Amino acid sequence: MITYRKFDEKRRFGVELEVGNSVKKPKIKALIQENTDRIVKSSRYSLSTSNFYWHVKDDSTCGPMGNNGPKGIEIASFIARGLNDLKEIADIADLLIKSKVEVNNNCGLHIHADASDIDSNVAGIIIANWLKIESFLSLALPRRRFSIYCELLLTTLGKQYNKFFENKNLKSVDFYKHFMPNNLSYYGNIDRRVNLNFVNYYRSVLTGSDVRKTIELRWPEGTLNSKDITNWVKLYLNFIDNAKNLNIPKKWEVTLDDFLDILGLGKNNILDENLIETKMWLLERILNNTDFEINKYICELYNSDGKIGLPIVGKEEILNHLNYISKL
């Protein structure tokens, strides 16, 4: 059935922009303050909780030498909702670029999605559908595809991999329990270093609180490119809102159509202009960042071990889909 799909502006979110130290905190704080009506705070590293303000703070992981040198800076947005707030965040990022603020290879773009409406059953469904598409999405993330700071969820199974997927009748509770982090601490927590981070979510469930009940996307590379920031936010929030209504996948091989359907961008949806923009941006990223011959070799080698199949996708398939969109 063909359905109309519009980007849903209801889910709250927060964005963390990690940058180096080419421009210092006081200057960044002043730049933002000159271009927003919101409060802008500056501090050493500390948690941003229920913040209605911009927060500029130290970050020891994203300096030019990582943990081995000067600290970088994290710029945490206010709790946002909708396209107007997203535009403010993107505009600030543009301003920072013009002011010579720089990112480096240690920086990431982190997006927190509010999950106060998501119970453990739905969380398990989201995890299951993420597992199906994460290898495909990695094609759009060449610099972060195998980063130890945002590992694929699948890799966290380690030696349990084959045993876990031997169960042909996996239920949402199985995914919820198996991917529960062991460490729920706020600081120095390596369980956070996965591309889809549920530490805050699980902590909130255990404490019975909706404070910081978020699911964090940690995968995108550090960027101040407003187009990339805007589309990563739209892609991620649209995935959450679509995946929560899906079922557990019956098979784990993933095609381009499967990938787009789980993201809520498939051919069975008539997309609004915001989601069409995001869909084209995503496909172009995959097209421009993938050596399709090398990817085919890696996938065939990996898949021969009997693991969940990495996507073997051809350049022509992506081009045909982009041409299909342009004719709509």
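Note: the structure precedes this text.
Small disclaimer: the values here were computed from a predicted structure and weren't measured. (Residues numbered from 1 in each chain as written. Predicted model: local features only at pLDDT ≥ 70, side-chain atom pairs only at ≥ 80, totals over all residues. Heavy atoms only, no water.)

## A short note on unusual backbone geometry
Next up, step 1: The residue K100 is not glycine, and still its phi comes out positive at about 70°.
Next up, step 2: Tracing the backbone shows K100 in the loop between helix 2 (82-98) and strand 7 (109-114).
Next up, step 3: Note on K100: relative accessible area 62%, which makes it exposed.
Next up, step 4: The residue R212 is not glycine, and still its phi comes out positive at about 55°. (Helix = DSSP H or I, 4+ residues; strand = E, 2+ residues; numbered from the N terminus. Buried < 20%, exposed > 50% of the residue type's maximum accessible area, 1.4 Å probe, protein only.)

## So, the packing of aromatic side chains
Next up, step 1: Taken as a whole and judged by the stated rule, the model has 15 aromatic pairs.
Next up, step 2: Plain terms: the ring middles of F164 and F179 are 5.9 Å apart, the flat faces sit at 85° to each other, and that makes the pair edge-to-face. Placement of F164 in helix 4 (residues 161-165) and of F179 in the loop between helix 5 (172-178) and strand 8 (196-197) is noted, with a sequence separation of 15 residues between them. F179 shares its class with F164; the two are buried.
Next up, step 3: Linked through ring pairs, F164, F165, F175, F179 and W252 together constitute an aromatic cluster.
Next up, step 4: One residue, K267, lies across the ring of Y324, its end atom 4.8 Å from the ring centre. (Phe/Tyr/Trp six-rings, centres within 6.5 Å; stacked < 30°, edge-to-face > 60°. Lys NZ or Arg CZ within 6 Å of the ring centre and 35° of its normal.)

## Overview of helix 1 (residues 25-33)
Next up, step 1: Those residues of helix 1 that fall on the buried side of the exposure criterion are K25, I28, L31 and I32. An end-on view of helix 1 places all buried positions within 125° of arc, on one side of the element.
Next up, step 2: For helix 1, the secondary structure elements touched by its buried residues are strand 2 (12-19), strand 3 (40-43), strand 4 (54-59), strand 5 (72-76) and helix 2. (Arc of directions from axis to C-beta. Contact = heavy atoms within 4.5 Å.)

## Section: the packing of helix 9 (residues 273-289) against helix 11 (residues 315-326)
Helices that pack against each other are described as a pair by the angle of their axes relative to one another and the distance between those axes.
Next up, step 1: Where helix 9 contacts helix 11, the two axes come as close as 10 Å, and the packing angle between them is 160°. Between helix 9 and helix 11, the angle falls in the class roughly antiparallel. Considering only the axes of helix 9 and helix 11, their crossing is left-handed. For the pair helix 9 and helix 11, the contacting residues are I276, K279, M280, L283, E284, I286 and L287 in the first and K315, I318, L319, H321, L322 and I325 in the second.
Next up, step 2: Partitioned by chemical class, the residues of the contact of helix 9 with helix 11 number nine nonpolar, one polar and three charged. (Axes fitted to C-alpha atoms, helices over the stretch in contact; angles between N-to-C directions. Parallel < 35°, antiparallel > 145°, perpendicular 65-115°, else oblique. Left-handed = near helix turned anticlockwise from the far one by under 90°. Nonpolar A, V, L, I, M, F, W, Y, C, P; charged D, E, K, R; others polar.)

## With respect to the environment of L322
Next up, step 1: Looking at the secondary structure, you find L322 in helix 11.
Next up, step 2: Apart from the residues lying within four places of it in its own chain, the contact partners of L322 are M280, L283, E284 and L287.

## Notes on the nonpolar core
When a protein is soluble and globular, its nonpolar side chains tend to lie buried together.
Next up, step 1: Counting 93 residues, the largest nonpolar core has I28, F175, Y236, F239 and F259 as its most contacted members.
Next up, step 2: Broken down by element, the residue count for this core peaks at eleven residues, all from helix 3 (residues 120-137).
Next up, step 3: Residues contacting F259, with those up to four places away along its chain left out, are I133, F136, L137, V254, L282 and I286. (Core = buried A, V, L, I, M, F, W, Y, C linked by side-chain atoms within 4.5 Å.)

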